[in-house]
Amino acid sequence: MILSQIFKILTYPFRRLARLLRIGAKETGRTARASAKTSAGAVAKAAPDDLLGTEYHEEPPAGMEAALFKQLPRPRLTERSASDLTLEQATSYANDAHAFYQLKFPLFARGDFFYEEVEEEYLNAALGYEGDSIDRRFLEVTTLFRQALNANTRRMLLYWTPGLFLLIFGAAFWAVQSGISFQLLETYMPVGRASSALYIVAAFVSIAFVFLVYSWPYKVVQQRNLLNLDNYVTSKFARINNNFQVAKRRALNVERDKRMGQREELKDEAGSWTLAYHWFAMRLMLCELVIRNKFYQVRRNTTLYWVSGIVLTFAFGAIIFAALLAVGAAKPVISIYLGAAVTYLIISAGIMRRATGMMFQVLEANEWSRFHLIGLDTTIRDHVGEDKLQIVTFRDRNRFE
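Here is what the cut-offs are and how they apply
Residues numbered from 1 in each chain as written. Predicted model: local features only at pLDDT ≥ 70, side-chain atom pairs only at ≥ 80, totals over all residues. Heavy atoms only, no water. Helix = DSSP H or I, 4+ residues; strand = E, 2+ residues; numbered from the N terminus. Contact = heavy atoms within 4.5 Å. Areas by Shrake-Rupley, 256 points an atom, 1.4 Å probe, with all protein chains shown as cover. Salt bridge = Lys/Arg side-chain N within 4 Å of Asp/Glu carboxyl O. Buried < 20%, exposed > 50% of the residue type's maximum accessible area, 1.4 Å probe, protein only. Phe/Tyr/Trp six-rings, centres within 6.5 Å; stacked < 30°, edge-to-face > 60°. Core = buried A, V, L, I, M, F, W, Y, C linked by side-chain atoms within 4.5 Å. 1 Å grid on protein atoms, 1.4 Å probe; cavity = no way out; pocket = protein on both sides within 12 Å on 5 of 7 lines; lining within 4 Å. Points joined across faces, edges and corners; volume = space filled by probe spheres on them. Axes fitted to C-alpha atoms, helices over the stretch in contact; angles between N-to-C directions. Parallel < 35°, antiparallel > 145°, perpendicular 65-115°, else oblique. Nonpolar A, V, L, I, M, F, W, Y, C, P; charged D, E, K, R; others polar. Expected span 1.5 Å × (residues − 1). pLDDT = per-residue confidence, 0-100. Left-handed = near helix turned anticlockwise from the far one by under 90°. Patch = residues over 30% accessible without salt bridge, like charges linked within 9 Å, V, L, I, M, F, W, Y side chains within 5 Å.

Engineer: I'd like a rundown of the overall build of the chain, residues and numbers included.
Structural biologist: A tally of helices and strands in the chain yields 13 helices and 0 strands. Taken from N to C terminus, the helices and strands of the chain fall in the order α-α-α-α-α-α-α-α-α-α-α-α-α. Pairs at least 24 residues apart make up 84% of the contacts formed inside the chain by residues separated by at least 6 positions. Roughly 22,300 Å² of accessible area belongs to the chain as shown, and the carbon and sulfur atoms make up 62% of that amount.

Engineer: Which residues make up the pattern of salt bridges, and what values go with them?
Structural biologist: Throughout the structure, instances matching the rule amount to 10 salt bridges. For the salt bridge of Asp135 with Arg283, the shortest nitrogen-to-oxygen distance reads 2.7 Å. Pair noted here: Asp135 is in the loop between helix H6 (115–126) and helix H7 (136–178) and Arg283 is in helix H10 (residues 263–326), with a separation of 148 residues, a long-range link. Among the salt bridges present, the one from Glu288 reaches Arg370, with a minimum N-O distance of 2.5 Å. Here the residue Glu288 occupies a position in helix H10, and Arg370 occupies one in the loop between helix H12 (358–362) and helix H13 (376–400), the gap between them amounting to 82 residues. According to the relative accessible area criterion, Arg370 is partly exposed, its value standing at 28%.

Engineer: Tell me about the environment of Phe211, and please be specific about residues and values.
Structural biologist: Relative to the helices and strands, Phe211 resides in helix H9 (residues 191–252). Phe211 sits in the buried class, given a relative accessible area of 4%. In this structure, the C-alpha to C-alpha distance between Phe211 and Ile351, residues 140 residues apart in sequence, is 7.1 Å.

Engineer: An account of the packing of aromatic side chains is needed here, citing residue identities and associated values.
Structural biologist: Using the criterion set out here, one finds 15 aromatic pairs in the structure. Consider the rings of Phe105 and Tyr122, whose centres lie 5.2 Å apart with planes at 65°: the pair is edge-to-face. One end of the pair, Phe105, is in the loop between helix H5 (87–101) and H6; the other, Tyr122, is in helix H6, and 17 residues separate them in sequence. The partly exposed category is assigned to Tyr122, whose relative accessible area is 27%.

Engineer: Mind laying out the nonpolar core, listing which residues take part and the relevant values?
Structural biologist: The nonpolar side chains of soluble globular proteins are, as a tendency, buried together. One finds Phe169 and Tyr199 to be the most contacted residues of the largest nonpolar core, which totals 88 residues. Only H5, H6, H7, H9, H10, helix H11 (331–353) and H12 provide two or more residues apiece to this core. At 22 residues, the largest contribution of residues to this core is made by H9.

Engineer: Got a sec to walk through empty space enclosed by the protein? Specific residues and values, please.
Structural biologist: Counted according to the given criterion, the structure contains 7 cavities of 30 Å³ or more. Of the volumes computed, that of the largest cavity is approximately 90 Å³. Lining the largest cavity we find Leu149, Thr153, Tyr218, Gln222, Leu226, Val298, Thr302, Ala355, Thr356, Met358 and Met359. Elements with a minimum of two residues in the lining of the largest cavity: H7, H9, H10 and H12. If you tally residues by element for the lining of the largest cavity, the top one is H9, at 3 residues.

Engineer: Now, about the packing of H10 against H11: what can you tell me, with residues and values included?
Structural biologist: Contact geometry of H10 with H11 gives a least axis separation of 11 Å together with a crossing angle of 170°. Relative to H11, H10 is oriented roughly antiparallel. Contacts between H10 and H11 pair Thr303, Trp306, Ile310, Thr313, Phe314, Phe316, Gly317, Ile320, Phe321, Leu324 and Leu325 from the former with Ile334, Tyr337, Leu338, Tyr344, Leu345, Ala349, Met352 and Arg353 from the latter. Class assignment of the residues belonging to the contact of H10 with H11 gives a composition of 15 nonpolar, 3 polar and 1 charged.

Engineer: Describe H11, with residues and values.
Structural biologist: Its 23 residues place the ends of H11 33 Å apart at the C-alpha level, agreeing with the 33 Å of an ideal helix rising 1.5 Å per residue. For H11, the complete set of buried residues consists of Val333, Ile334, Tyr337, Ala340, Ala341, Tyr344, Leu345, Ile347, Ser348, Ala349, Ile351 and Met352.

Engineer: Go over the environment of Ala315, please, and point to the residues and values.
Structural biologist: Residue placement: Ala315 occurs in helix H10. Of the residues examined, Ala315 reaches a relative accessible area of 33% and is grouped as partly exposed. It is 9.1 Å that separates the C-alpha atoms of Ala315 and Pro162, two residues lying 153 residues apart in sequence.

Engineer: Can you explain the confidence of the model for the chain? Please cite residues and give values.
Structural biologist: Close reading of the predicted structure is inappropriate where its pLDDT is low. A residue-level look at the chain finds 77% of positions with pLDDT of 70 or above and a mean pLDDT of 80. Between residues 1–7, whose pLDDT stays under 50, and residues either more than four places distant or in other chains, the model counts 3 contacts. Low pLDDT (under 50) marks residues 20–58, which in the prediction has 50 contacts with non-local residues, meaning those over four places away or in another chain.

Engineer: Can you tell me about the packing of H6 against H10, naming the residues and giving the values?
Structural biologist: At a closest axis distance of 10 Å, the pairing of H6 and H10 adopts a crossing angle of 155°. Between H6 and H10, the angle falls in the class roughly antiparallel. Crossing geometry of H6 relative to H10 is assigned as left-handed. Where H6 approaches H10, its residues Glu116, Glu119, Glu120, Leu123 and Ala126 are matched on the opposing element by Trp279, Leu286, Leu289, Val290, Arg292, Asn293, Lys294, Tyr296, Gln297 and Arg300.

Engineer: Give me the environment of Gly271: which residues, what numbers.
Structural biologist: Relative to the assigned elements, Gly271 resides in helix H10. Look at Gly271 and you get partly exposed, because its relative accessible area is 31%. Through-space distance from the C-alpha of Gly271 to that of Ala251 is 7.8 Å; in sequence the pair is 20 residues apart.

Engineer: So what about a nonpolar patch on the surface? Which residues, and what values?
Structural biologist: A contiguous nonpolar patch, built from Val201, Val205, Phe209 and Leu212 and spanning about 310 Å² of accessible area, is present on the exposed surface. Along the chain, Val201 turns up in helix H9.

So this is what it looks like as structure tokens:
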């Protein structure tokens, strides 16, 4: 509790400075959400051939922050619309379902990779990544966004945070050793205090720069990437859910336009639609597992980058400390430097720690059509129960007649 209050007091000037940046980020988020919804509506009305076209459409850079960190354009949806679902496509989905249910995955997984890579290999095989599967685009998009999110976090936590410390504190060390600090500050304070003051100024300047880079280019670009991914997942899951509902209705009502002479057609068509809605539900679950796999890797790597950034900053601080000892700096100057370096390390680590939970503040998973909401169990129960009821009704009617 006490450490939290101290942290809030130390970062108060920088938080005040970032309010304007937050306002700009919120406006950017609203604009991105509005454009995302507009794009989703346009994609839903597009022709099937257009949906199966290029995965990404060109977008101009959103701002200067995109030059510092990697920003991906909004993905295009390649999932077929429910209004275009035909019996031939249902048969194709039924074949995919058959391949999935016949998939033989190894019980003894490889031991020379991280487990999420073993799980990723299974998910790729289950969703038909090697074949001509419509989910291949989804697997490629989620992998691309995972790589972009990791690359931006790595650049922020491993390059910018230690780099700004080395640059600013190294410049302060050079200024002290070259005598520039004495020329600038000797009219206001003694030489020893001037050296100490320069390191204090270096700590506040470096913290301000780290907070600025984190709040403006890094956070804005990451939020845009997450919003684009959120829109893509929302649209794809909703489309799969719509296809599931259509296939379910076709499977329940397939016998209404068939006669006794069409028994084989009825059997094949009912089987295709039934397997199709099973496969839509399983695809939704598998796609959720893909999302979980990618986000686990993002969170895990963010924590590793955060720890590595702290270690690298500490190493740079140790190098400057060794240089101060080598030049015979006074003990008060060394003490002030250590205090300034530790202050930078603690505050920057606190700022960077917020990167781990950023995606949970942006992604709207509660708006996704999740597998547990699709009602596969209820559908199977109603489907089988209705068919059995019709059989018994027809049998008893013929018996009385």
